[in-house]
Amino acid sequence: MNGALLIVTALCLYAQNIFRKNFTQVNEDTAFGQNSFNFLVSFSALVFFDVMRRLIGEPFHLHGGTILLAAVFALSFVICLYTMGRSMETGPLGLTSLIISYSLIIPTAYGLIRFKESLTWLLSVGLLLLFVSLYLVKPVDKKRTIGKGWVLFVSVAAVTNGLCSVVQTEQQHLFSVTYRFAMLEWSMIFSCVFSAALVLATYPRFRYKKESGNKGCRFKGMYNAPICGLANGSLNYLVITLAGRLPASLLFPIVSAGSLILTMFSSVVFYREKYSPKQYIGFVLGVLSIVFMNL
């Protein structure tokens, strides 16, 4: 049973990448489209968390400190969603997913500093492999297949994704498993508010371009958003569930590495992305670095 849930968890993480990439393939208005997509993702995840919280009978109210953490998580989450979408819009899916997965180094460093965790030889090897991988996978864009801003977008996405993990780690440290789904639900409430504000802020420009007859201003592909949101909700629920059944050294390497392998496979087979032999070696080392840092 746990094995099947592990596979489903990895598939949920993979599904988030694929359905977001699908959206960036068809949507041609950047800011308004991305923010609208992110609002629907947050709202779908909110509905999922609310249903799960009610099913397990967890109270909705939270400690004031946890609400603050939920707000910080939501801000990082919204920024991560936007920059991740822009990264997939301006660059390759495979490299984008790999570099964002490097964000694991942020909660790792936080644990070393905040909780005085020991720097094991496995963690040291993982960090070394990560930096070697980062050097090998750096794109040499001779054919101009990478758009402007990709490096900035993917870097911000990686940092904010890592900050989300830091907030979750801090919440678990301060409040253990208390209010797990309530914390996630409040986070998605804040995410909906932040995303809605961004939608309203970018709508005038979208409307102006549309009324000006800009043929490239098309708003479509939103059907991917609820699927992406439900995948996000399911991922968090399954991770919470499996964390109580399996050691972290087994759970996170399988989920992270499994989804990365599936994403890279799809990027090459379905999206026709091309990589050099050096980048493939870097990708393999990147997957190994994630495994070692979680052991």
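Notes on the structure follow.

Turning our attention to the environment of Val-132. As for its placement among the helices and strands, Val-132 is situated in helix α6 (residues 121-137). Sequence separation between Val-132 and Ile-281 is 149 residues; the distance between their C-alpha atoms is 9.9 Å.

Formed by 27 residues in total, the largest nonpolar core has its most connected members in Met-84, Leu-98, Tyr-102, Leu-260 and Phe-283. Of all the secondary-structure elements, those providing two or more residues to this core are α1 (2-26), α3 (64-90), α4 (93-101), α6, α7 (150-175), α10 (248-269) and α11 (277-294). Setting aside residues no more than four positions away along its own chain, Leu-260 makes contact with Ser-97, Leu-98, Ser-101, Phe-283, Val-287 and Ile-290. Core analysis: the next-biggest nonpolar cluster, separate from the first, contains 24 residues, Phe-37, Val-41, Phe-181 and Met-188 among them.

Across all of its chains, the model carries 10 aromatic pairs by this definition. Here Trp-186 and Phe-190 contribute two aromatic rings whose centre-to-centre distance is 6.1 Å and whose plane-to-plane angle is 40 degrees, an arrangement assigned as tilted. Residue Trp-186 and its partner Phe-190 are both found in helix α8 (residues 180-211); the two are separated by 4 residues, about one turn of the helix. Both rings, one in Tyr-275 and one in Tyr-280, keep their centres 5.9 Å apart while their planes meet at 75 degrees; by these two values the pair is edge-to-face. Taken together, the ring pairs in this structure connect Phe-48, Phe-49 and Tyr-237 into an aromatic cluster. For the cation-ring pair, Lys-21 lies above Tyr-271, with the distance from its terminal atom to the ring centre recorded as 6.0 Å.

So, about the state of the cysteines. A complete count under the given rule lists 0 disulfides for this structure. In this structure Cys-164 is a free cysteine whose sulfur lies 5.8 Å from that of Cys-80, the closest cysteine sulfur available. Take Cys-164: its relative accessible area is 6%, and that puts it in the buried class.

Right, let's get into the side chain of Ser-103. With respect to the helices and strands, Ser-103 occurs in the loop between α4 and α5 (105-114). From its side chain, Ser-103 meets the backbone oxygen of Ile-100 in a polar contact 2.8 Å long. Discounting chain neighbours no more than four positions away, the residues touching Ser-103 are Ala-158, Asn-161 and Gly-162.

Each full turn of the α-helix corresponds to 3.6 residues, which orients residues three or four apart in the same direction. Along α5, the residues classified as buried are Pro-107, Thr-108 and Gly-111. With its buried residues spanning 105 degrees around the axis, α5 presents them on a single face. Where α5 ends, the next residue or the one after it, Lys-116, has phi of about 55 degrees, a positive value.

Our focus in this paragraph is the packing of helix α2 (residues 30-56) against α3. Contact pair α2 / α3: the axes reach a minimum separation of 10 Å and the direction vectors enclose 130 degrees. The orientation of α2 with respect to α3, classified from their angle, is oblique. The two elements α2 and α3 cross, and the hand of that crossing is right-handed. Listed contacts from α3 to Thr-30, Ala-31, Gln-34, Asn-35, Asn-38, Val-41 and Ser-42 of α2 are Phe-77, Val-78, Leu-81, Tyr-82, Gly-85, Arg-86 and Glu-89. Here the contact of α2 with α3 is built from residues that sort into 6 nonpolar, 6 polar and 2 charged.

Turning next to the packing of α1 against α2. Put simply, α1 and α2 touch, their axes get as near as 11 Å, and they point 150 degrees apart. If you check the angle between α1 and α2, you find them roughly antiparallel. Here the hand of the crossing between α1 and α2 comes out right-handed. Here Phe-19, Arg-20, Phe-23 and Thr-24 of α1 lie close against α2, whose contacting residues are Gly-33, Gln-34, Phe-37, Asn-38 and Val-41. Split by residue class, the contact of α1 with α2 holds 4 nonpolar, 4 polar and 1 charged.

Calculation criteria
Residues numbered from 1 in each chain as written. Predicted model: local features only at pLDDT ≥ 70, side-chain atom pairs only at ≥ 80, totals over all residues. Heavy atoms only, no water. Helix = DSSP H or I, 4+ residues; strand = E, 2+ residues; numbered from the N terminus. Core = buried A, V, L, I, M, F, W, Y, C linked by side-chain atoms within 4.5 Å. Buried < 20%, exposed > 50% of the residue type's maximum accessible area, 1.4 Å probe, protein only. Contact = heavy atoms within 4.5 Å. Phe/Tyr/Trp six-rings, centres within 6.5 Å; stacked < 30°, edge-to-face > 60°. Lys NZ or Arg CZ within 6 Å of the ring centre and 35° of its normal. Disulfide = S-S within 2.5 Å. Polar contact = N/O pair within 3.5 Å; in protein donor to acceptor, adjacent residues only side chain to side chain. Arc of directions from axis to C-beta. Axes fitted to C-alpha atoms, helices over the stretch in contact; angles between N-to-C directions. Parallel < 35°, antiparallel > 145°, perpendicular 65-115°, else oblique. Left-handed = near helix turned anticlockwise from the far one by under 90°. Nonpolar A, V, L, I, M, F, W, Y, C, P; charged D, E, K, R; others polar.

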